[in-house]
Structures are given as structure tokens and as C-alpha cells.
Amino acid sequence: MFNFEDANKKSKEAVDTALKTYTDTSKGFQAIATEATEYSKKSFQDAVTHFETLAGVKSFEAAFELQTSYVKAYFEGFVSETTKLSEMYADLAKSAYKPYEAPIAAAVVKTAKSVSAATPAAAA
């Protein structure tokens, strides 16, 4: 028989889980957007400073060295930032999945029991 109290409780748990996931996901995306914005600002400012310095260089060799060091520093910073952002995305995915871990595991166990109970009957 259908139990309305159990259904109401499960429904409330599902809504609470969805709201928590939405809140955590929103915070994660805000943190990622903030990080990306800060990196963009820093990168732009570094480029402006570099080109101002480059404009004052008197020789080709000095310009080449300055450009080489800038590109190297830019690349290292870019790799570092993309690594940081990918870790933030991975953490976001883990935190979004976390509330659903236990219910999904319970459903898998319940389904496995149902299948194993039904298998001998089907073979007969």
C-alpha cells in the first residue's frame, strides 16, 4: 500500500538535496568565475607593462630577450592557472555528486537484490 508519509519524506529529502546541490554548484561557479576574472585582469596588466617596457628597448637583442622571458613567464602562468581551474572544476563536480552518492548506492543495492531475486524465477 502506498504510504503518503514516506512519499512526502522522500520528496522533501529530494528537494533539500537538489537545493543544496544547486547552492554548492552556484558557489563553485562563482569561485571559478572570480578566479578567471582575476587571472584575466592580471594577465592584461602584465601584457600592458610588458609592452610599455618593450617600447623603451633600444636594441633588437634586448627586445628578443625581453619577449622571450615574457612568453616563458606567460606560458608558465597560463599552465598554472589552467591546472588550478581544472582542479576547481573537478572539486565542483565531486561536491555536486556528493549528496547523490548514498541514494544512488542504495538504489543500486536494491536493484541488484531485485534482479537476483527475479533471476531464479525467470529460469524456472
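As shown above, the structure is provided for reference.
Structural notes, computed from the coordinates. Because the structure is predicted, anything quoted here is derived from the model rather than measured. (Residues numbered from 1 in each chain as written. Predicted model: local features only at pLDDT ≥ 70, side-chain atom pairs only at ≥ 80, totals over all residues. Heavy atoms only, no water.)

Brief notes about the overall build of the protein
Part 1: Tallying secondary structure elements over the protein gives 2 helices and 0 strands in all.
Part 2: Against the compact-globule benchmark of 14 Å for 124 residues, the protein has a radius of gyration of 27 Å, which places it well outside the compact range.
Part 3: In terms of overall dimensions, the protein has a C-alpha envelope of 90 × 35 × 15 Å along the principal axes.
Part 4: Taking the intrachain contacts of the protein between residues at least 6 apart in sequence as the baseline, contacts between residues at least 24 apart amount to 71%.
Part 5: Averaging the coordinates of the 14 positive side-chain charges in the protein and doing the same for the 16 negative ones gives two points 8 Å apart. (Helix = DSSP H or I, 4+ residues; strand = E, 2+ residues; numbered from the N terminus. Rg over C-alpha atoms; globule rule 2.2 N^0.38 Å. Contact = heavy atoms within 4.5 Å. Lys, Arg positive; Asp, Glu negative; His and termini not counted. Charge placed at Lys NZ, Arg CZ, Asp CG, Glu CD.)

Quick notes on the environment of Lys-27
Part 1: Along the chain, the position of Lys-27 falls in helix 1 (residues 4-55).
Part 2: Taking C-alpha positions, Lys-27 is 45 Å from Val-57, a pair spaced 30 residues apart along the chain.

Some details on a nonpolar patch on the surface
Part 1: Side chains of Tyr-74, Phe-75, Phe-78 and Val-79 sit close together on the surface and give an oily, nonpolar patch of about 380 Å² of accessible area.
Part 2: The topology assignment puts Phe-75 in helix 2 (residues 60-123).
Part 3: Phe-75 sits in the exposed class, given a relative accessible area of 53%. (Patch = residues over 30% accessible without salt bridge, like charges linked within 9 Å, V, L, I, M, F, W, Y side chains within 5 Å. Areas by Shrake-Rupley, 256 points an atom, 1.4 Å probe, with all protein chains shown as cover. Salt bridge = Lys/Arg side-chain N within 4 Å of Asp/Glu carboxyl O. Buried < 20%, exposed > 50% of the residue type's maximum accessible area, 1.4 Å probe, protein only.)

What about the pattern of salt bridges?
Part 1: If you walk through the whole model with that rule in mind, you get 5 salt bridges.
Part 2: Between Lys-20 and Asp-24 there is a salt bridge, with its nearest N and O atoms 2.9 Å apart. One end of the pair, Lys-20, and the other, Asp-24, are both in helix 1, 4 residues apart, so they sit about a helical turn from each other.
Part 3: Taking relative accessible area as the criterion, Lys-20 reaches 46% and is therefore assigned partly exposed.
Part 4: Residue class for Asp-24 comes out partly exposed when judged on its relative accessible area of 24%.
Part 5: Across the pair Lys-42 and Asp-46 runs a salt bridge whose closest N-O atoms are separated by 2.9 Å.

Quick look at the packing of aromatic side chains
Part 1: Overall, the coordinates contain 4 aromatic pairs when judged by the stated rule.
Part 2: Note on Tyr-74 and Phe-78: the rings are 6.5 Å apart at their centroids and 15° apart in plane angle, and the pair reads as stacked. Of the two residues, Tyr-74 and Phe-78 are both situated in helix 2; the distance of 4 residues between them amounts to about one turn of the helix.
Part 3: Taken together through their ring pairs, the aromatic side chains of Tyr-70, Tyr-74 and Phe-78 make up a single cluster. (Phe/Tyr/Trp six-rings, centres within 6.5 Å; stacked < 30°, edge-to-face > 60°.)

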